[in-house]
Number of protein chains: 2
Amino acid sequence: MSAQSLASRPGTATRPIGPTVGMVGGGQLARMTHQAAIALGVELAVLTEDPLAPAVGAGARCVQGAATELDSLMALAAGSDVVTFDHERVPTAHLTALQQAGVRVVPDPAAKLLAQDKLHARRTFAALGLPVPDFELARTVAEVTAFATVHGWPLIAKAPRGGYDGRGVFTVADAEEARAVLADHPGGVLVEPRLDITCELAVLVARSTTGETAVYPVVETIQEDAMCREIIAPARVDEDLAAAARELALVLVEGVDATGLVAVELFVTADGLMVNEVALRPHNSGHYTIEGCATSQFEQHLRAVLGWPLGPTTLCAPAVVTVNVVGPDDGSDPARRLGFALGVPGAHVHLYGKTAVPGRKLGHVTVCGRDHDSARSAARGAVELLTGERS
Amino acid sequence: MSAQSLASRPGTATRPIGPTVGMVGGGQLARMTHQAAIALGVELAVLTEDPLAPAVGAGARCVQGAATELDSLMALAAGSDVVTFDHERVPTAHLTALQQAGVRVVPDPAAKLLAQDKLHARRTFAALGLPVPDFELARTVAEVTAFATVHGWPLIAKAPRGGYDGRGVFTVADAEEARAVLADHPGGVLVEPRLDITCELAVLVARSTTGETAVYPVVETIQEDAMCREIIAPARVDEDLAAAARELALVLVEGVDATGLVAVELFVTADGLMVNEVALRPHNSGHYTIEGCATSQFEQHLRAVLGWPLGPTTLCAPAVVTVNVVGPDDGSDPARRLGFALGVPGAHVHLYGKTAVPGRKLGHVTVCGRDHDSARSAARGAVELLTGERS
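A brief structural summary. Because the structure is predicted, anything quoted here is derived from the model rather than measured.

Cut-offs applied
Residues numbered from 1 in each chain as written. Chains lettered and ligands numbered in written order. Predicted model: local features only at pLDDT ≥ 70, side-chain atom pairs only at ≥ 80, totals over all residues. Heavy atoms only, no water. Helix = DSSP H or I, 4+ residues; strand = E, 2+ residues; numbered from the N terminus. Rg over C-alpha atoms; globule rule 2.2 N^0.38 Å. Contact = heavy atoms within 4.5 Å. Areas by Shrake-Rupley, 256 points an atom, 1.4 Å probe, with all protein chains shown as cover. Lys, Arg positive; Asp, Glu negative; His and termini not counted. Charge placed at Lys NZ, Arg CZ, Asp CG, Glu CD. Least-squares fit on C-alpha atoms with pLDDT ≥ 70 in both. Buried < 20%, exposed > 50% of the residue type's maximum accessible area, 1.4 Å probe, protein only. Pairing = 2+ DSSP bridges. Buried area = accessible area lost by both parts, 1.4 Å probe. Salt bridge = Lys/Arg side-chain N within 4 Å of Asp/Glu carboxyl O. Polar contact = N/O pair within 3.5 Å; in protein donor to acceptor, adjacent residues only side chain to side chain.

### Quick look at the overall build of chain A
Right, on to step 1. Counting its secondary structure elements, chain A contains 14 helices and 17 strands.
Right, on to step 2. Taken over the C-alpha trace, chain A has a radius of gyration of 21 Å; the compact-globule value for 391 residues is 21 Å, and the two agree within 12%.
Right, on to step 3. Across chain A, the fraction of contacts at a sequence separation of at least 24, relative to all contacts at a separation of at least 6, is 62%.
Right, on to step 4. Taken as a whole, chain A presents about 14,500 Å² of accessible surface, with 51% of it coming from carbon and sulfur.
Right, on to step 5. If you average the places of the 31 positive and of the 44 negative side-chain charges in chain A, the two averages end up 5 Å apart.

Structure representation (structure tokens):
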């Protein structure tokens, strides 16, 4: 379907508007996608069980229902020109059913599965010849131990499905701990060596339904308690490594026929780059693009899923740093301290409208600056004012 | 009221959120204010008679009613921490009544009147010692003719109230034409010489309820058929003139005790700078700030009316140009050509969700670039693709 036919879809409004994008999930990614949609005259409809979800609070149209129920997905699709995602928790069979009913699903369910099943992803990337850590599916303690015999203890065990922000990832020191993890994962776990990681990188790639691609600058992601805390753009790595990371990400995205926005997370090790995992949607590692790049990841995702031309991905400043706002331990709400944080010159504060819970991502702050240190210091300073905690 | 007490106002939501800003009017200025409000976790409620107004389409909370009715204004105020504006068409008496009922109105009705009554504005600016064109209130043909005897024909006659985008402004060549204009304006018209204008400038000034001020770069506004068509930042004038324009705007804003965002429109003539008129709200001449400045005018207005610290106003690029998208003569909808315009690298397209009508402002395109010519050429190119018309 062309941009023109999308825009002229009849009967959806009493006033001429652009196309409607249906997004499964109504969290902060959908919220920021809605912000971007406003400028383009695109309507965003979100499927969520929560009528107070971040995207709904921002004004996206709410289709209330569960992403795990086909009827709800069909209801979203009925009012949308294309269906896309702000999370991974959607059954592949339902997505295939949507497609069979004539719904445009972007990315394709087969590609989306790479973000849903870590084992499938590793196997697919390895088959494409992309560098991945050694891995096995281990269903028994004996299989875990056999892997450890080759690669050493401790090792990392991951639930193939359902994990995010460190959930479903375990450091396993010995057979006893392996037994405990397997008890909770009867289908087996993905085991891999505990790598000696120099740093973690992320590369955003947008791929339109037309096949056009746009690759963003390579960024560093700083993790803490297995949750992304900071994004540093551009990554402080040498140019050859950055170029290799971009190339690898592009090869991956085209190799798996992904569409929409894709975040490729990479490890830098003594053995070079390795693919960690991918997300086929806007991603925390791309929040810096709102102020930091010529085209934000959210607008780019909309362009990509609607088959519109992609925008330039150039950085707007020599250094851009994003620091996440995570709910402080005392349970207080950073929104109540916003007035203080706005006093930090150049701090772009984004709050997600979520209830404050310790450890929960509630927002982020981006600072564009002349160098990494000053931008990082300002962004951290603003986050400290929001949370009342020293970073 | 402090930012903290605003943020903790009880009983307005089942989930902790920030303050609510009530905006009179639901047009494109309110729409873009809503976009900015999302990031800050601020709720925007808009008073509009049109449930499909641009801001409502973007997700702002709609209070349906007329800005000319006190009951409607009271309904807006009842759910808001502060009341502000996206247009001028509000009776001063109603605003005073709101204040007497304890509602915070920003800007103050007395200051707002400067944007509502051109004669009052001229008199106030003249009394402050600011440079303004010669002017008189002329109620009769004899008074118009007397003014022309001193200043020459043709002269400019303006309806003191209600005009915008060239409406209510008349070029009067002789006594006969004066008679015709006066017939439609029994209260009299503001007459002024037809000035020999080198260019028109605009300076945005934000002034917080705390008294803090922030002045934006001076921009050139290019008018066509008395409607602003292009904004060129920074203005192509020498540094002394730009500094004088900024100083003049700041003196004006502080002199009239304006709060919120103020757009000061200036003429450059052989006799130097002259104040043309002011708007006490976000303004077309500030749309370039969304991508072009460290803080957009819409976020800045929210900060100012909520008493939060103001953000930096620095330009993000050597040149930023905004070109308005005006409904083409053939009545076609530029939204249907969006896919083409997005192919212009770096074109930031903003569509307002309005029904396409010839001559109506339907959106704008901003391009940040290395120099004025390339940015202007790209922005114009994108607008031509949207409208199907050569500029």
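Now that the structure has been shown, the text picks up again.
### Considering the relation of the copies chain A and chain B
Right, on to step 1. Structural alignment of chain A on chain B gives an RMSD of 0.0 Å, achieved by rotating through 180° and translating 0.0 Å along the axis. What the rotation and shift describe, once combined, is the action of a two-fold rotation axis. Taking C-alpha positions as reference, the residue of chain A nearest the rotation axis is Gly 59 of chain A, located at 1.8 Å.
Right, on to step 2. Comparing contact sets, 100% of the residues at the interface of chain A also lie at the interface in chain B, consistent with an isologous, same-surface contact.

### Let's talk about the pairing of strand β16 (residues 348-351) of chain A
Residue and element names in this part refer to chain A.
Right, on to step 1. Here β16 shows a buried face lined by His 348 and His 350 and a second buried face lined by Val 349 and Leu 351.
Right, on to step 2. As defined by bridge partners, β16 adjoins strand β17 (residues 361-369) across four bridges and the pair is classed as antiparallel. Paired with Leu 351 across the two strands is Gly 363, which belongs to β17.

### With respect to the interface of chain A and chain B
Right, on to step 1. At the junction of the two partners, chain A supplies 45 residues and chain B supplies 45 residues.
Right, on to step 2. Contact between chain A and chain B buries roughly 3,700 Å² in total, counting both sides, with carbon and sulfur atoms accounting for 55%.
Right, on to step 3. Viewed at the interface, chain B and chain A are joined by zero salt bridges.
Right, on to step 4. Inspection of the region where chain A meets chain B yields nine residue pairs in polar contact (both at pLDDT 80 or more).

### Some remarks on the pattern of salt bridges
Right, on to step 1. Tallying each qualifying case throughout the model produces 26 salt bridges over all chains.
Right, on to step 2. As a salt-bridge pair, Arg 122 of chain B and Glu 192 of chain B come within 2.2 Å of each other at their nearest N and O atoms. One end of the pair, Arg 122 of chain B, is in helix α7 (residues 118-127); the other, Glu 192 of chain B, is in strand β8 (residues 189-193), with 70 residues separating them in the sequence.
Right, on to step 3. Using a relative accessible area of 3% as the deciding quantity, one classes Glu 192 of chain B as buried.
Right, on to step 4. Residues participating in the shared-partner salt-bridge network are Glu 88, Lys 112 and Arg 281 of chain A.

As far as function goes, none of this settles anything; it's purely spatial.
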